[in-house]
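Observations on the model geometry
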Amino acid sequence: MNDTQVRVLAADDHVLLRTALCNLLTREPDITVVGEAGDGPMTVHQAAELRPDVILLDLEMPGPGPLETVRQLKASVPDTRVVVLTMHDDDDLVHALLSEGAFGYLHKSATREVLLAAVRSAVAGGTTLFTPHRPTARPPRAAERPEPQNVLTSRELEVLECVAEAMSNRQIGRQLGITEGTVKRHLRNIFAKLDATTRLDAVNKALSARLIGR
């Protein structure tokens, strides 16, 4: 995958929603929208032609159905990460899509920050799950909340604050005056200390433990 630009294919049969999604993504300096599609077959065709890093796939598009579309995408472009967007919260469908290789399942009520974090997490190999009734991380009980000074260093907290603003590793490096490699090292330490699996998971756990604030 491209180290500097995340190449995204936006697939949604509602033109206004797809346009709004593309406009949101193109505001990010590290994300490029390389194509758009309005149904399942066109998504598979565009993916094979454009080889995007991430596909944002609307669940309700015309075509063979989301499961078959994801299967075809994984067969055609196995290195591309699929993140599903939907208005539905269906446990069976969530598990089925993730089993087929999707790297994310986001309800369309997700915020801009959640969406951007999911795209960047998918590129890094992480999986994001967001629905209105399914938080990505369980808030710890008060007795479980660690003291900030015993968990994260001041630099790690600065990195995590930047992650909470949906910054990429490159943007974080520029913001803090450190290299991307150093950012990645801090993120590995953060993930290990918070027992987090994705950037969004780390942010949610830090917010719940009051390590950072919005």
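Everything below is about the structure shown above.
To start, this report covers the structure provided alongside it. Only a predicted model underlies this, so the values are computations on that prediction, with no experimental measurement involved.

1. A few points about the overall build of the chain
Helices and strands together make up the secondary structure of the chain, namely 10 helices and six strands. Long-range contacts, defined here as pairs at least 24 residues apart, represent 65% of the contacts in the chain between residues at least 6 apart. Of the roughly 10,300 Å² of accessible surface on the chain, a fraction of 51% belongs to carbon and sulfur atoms.

2. Side note on the sheet that holds strand β5 (residues 104–107)
Whenever strands of a sheet pair, they do so through backbone hydrogen bonds, lying parallel or antiparallel. Taken together, six strands build an open sheet; the order of strands is β2-β1-β3-β4-β5-β6 and the sheet is parallel. Edge strands, defined here as strands with exactly one partner in the open sheet, are β2 (31–37) and β6 (128–130). Sheet twist, expressed as the average angle between the axes of neighbouring strands with direction ignored, equals 25°. Relative to strand β4 (residues 81–86), strand β3 (residues 54–58) runs parallel, the two being bridged by five bridges. Bridge assignment links V54 to a residue of β4, and that residue is R81.

3. Describing the pairing of β3
With five of five residues buried, β3 lies mostly within the body of the structure. Burial along β3 is two-sided: the residues V54, L56 and D58 and I55 and L57 are all buried. Here strand β1 (residues 6–11) runs beside β3; their pairing, made up of four bridges, is parallel. Paired with A11 across the bridge in β3 is L57. Where the polypeptide runs from β3 across helix α3 (residues 66–76) and back to β4, its parallel neighbour, the crossover connection is right-handed.

4. Some points on the packing of helix α7 (residues 154–164) against helix α9 (residues 180–194)
Direction vectors running N to C along α7 and α9 enclose 95°, while the axes themselves pass 10 Å from each other. For the element pair α7 / α9, the angle class is roughly perpendicular. Facing α7, whose interface residues are R155, E156, V159, L160 and V163, α9 presents H186, L187, N189, I190, K193 and L194.

5. With respect to α9
With 15 residues, α9 should reach 21 Å at 1.5 Å per residue; the first-to-last C-alpha distance of 21 Å fits that figure. Turning to α9, its buried residues number three or more, namely V183, H186, L187, I190 and L194. Buried positions in α9, seen along its axis, are confined to an arc of 105° and lie on one side of it. Among the exposed residues of α9, those oriented more than 90 degrees off its buried face are R188 and A192. Positive phi shows up at D195, right after α9, with a value of about 55°.

6. Here's the deal with the packing of α7 against helix α10 (residues 199–208)
Running from N to C, α7 and α10 cross one another at 110°; their axes reach a closest spacing of 10 Å. Judged on the interaxial angle alone, α10 and α7 are roughly perpendicular. Along this stretch, α7 crosses α10, giving a crossing that reads as left-handed. Across from L160, V163 and A164 in α7, the residues of α10 making contact are R199, A202, V203 and A206. For the contact of α7 with α10, the class distribution of residues is six nonpolar, no polar and one charged.

7. A few points about the pattern of salt bridges
Following the criterion strictly, the structure yields 12 salt bridges and no others. Note that R112 and E113 form a salt bridge whose closest N and O atoms lie 3.7 Å from each other. One salt bridge connects E156 with K193, and the closest N-O pair in it is separated by 2.9 Å. Separated by 37 residues along the polypeptide, E156 in helix α7 and K193 in helix α9 bring together distant segments of the chain. Using a relative accessible area of 3% as the deciding quantity, one classes E156 as buried.

8. Digging into the packing of aromatic side chains
Going through the model one piece at a time under the given rule, you end up with zero aromatic pairs. Positioned above the aromatic ring of F103, the side-chain terminus of R81 is 4.6 Å from the ring centre.

9. Notes on unusual backbone geometry
Positive phi outside glycine occurs at R51, with the angle close to 50°. Inspection of the secondary structure puts R51 in the loop between α2 (40–50) and β3.

Criteria and thresholds
Residues numbered from 1 in each chain as written. Predicted model: local features only at pLDDT ≥ 70, side-chain atom pairs only at ≥ 80, totals over all residues. Heavy atoms only, no water. Helix = DSSP H or I, 4+ residues; strand = E, 2+ residues; numbered from the N terminus. Contact = heavy atoms within 4.5 Å. Areas by Shrake-Rupley, 256 points an atom, 1.4 Å probe, with all protein chains shown as cover. Pairing = 2+ DSSP bridges. Axes fitted to C-alpha atoms, helices over the stretch in contact; angles between N-to-C directions. Buried < 20%, exposed > 50% of the residue type's maximum accessible area, 1.4 Å probe, protein only. Right-handed = clockwise from strand over helix to strand, strands pointing away. Parallel < 35°, antiparallel > 145°, perpendicular 65-115°, else oblique. Expected span 1.5 Å × (residues − 1). Arc of directions from axis to C-beta. Left-handed = near helix turned anticlockwise from the far one by under 90°. Nonpolar A, V, L, I, M, F, W, Y, C, P; charged D, E, K, R; others polar. Salt bridge = Lys/Arg side-chain N within 4 Å of Asp/Glu carboxyl O. Phe/Tyr/Trp six-rings, centres within 6.5 Å; stacked < 30°, edge-to-face > 60°. Lys NZ or Arg CZ within 6 Å of the ring centre and 35° of its normal.

Remember that the coordinates give geometry; whether it matters functionally is a separate question.
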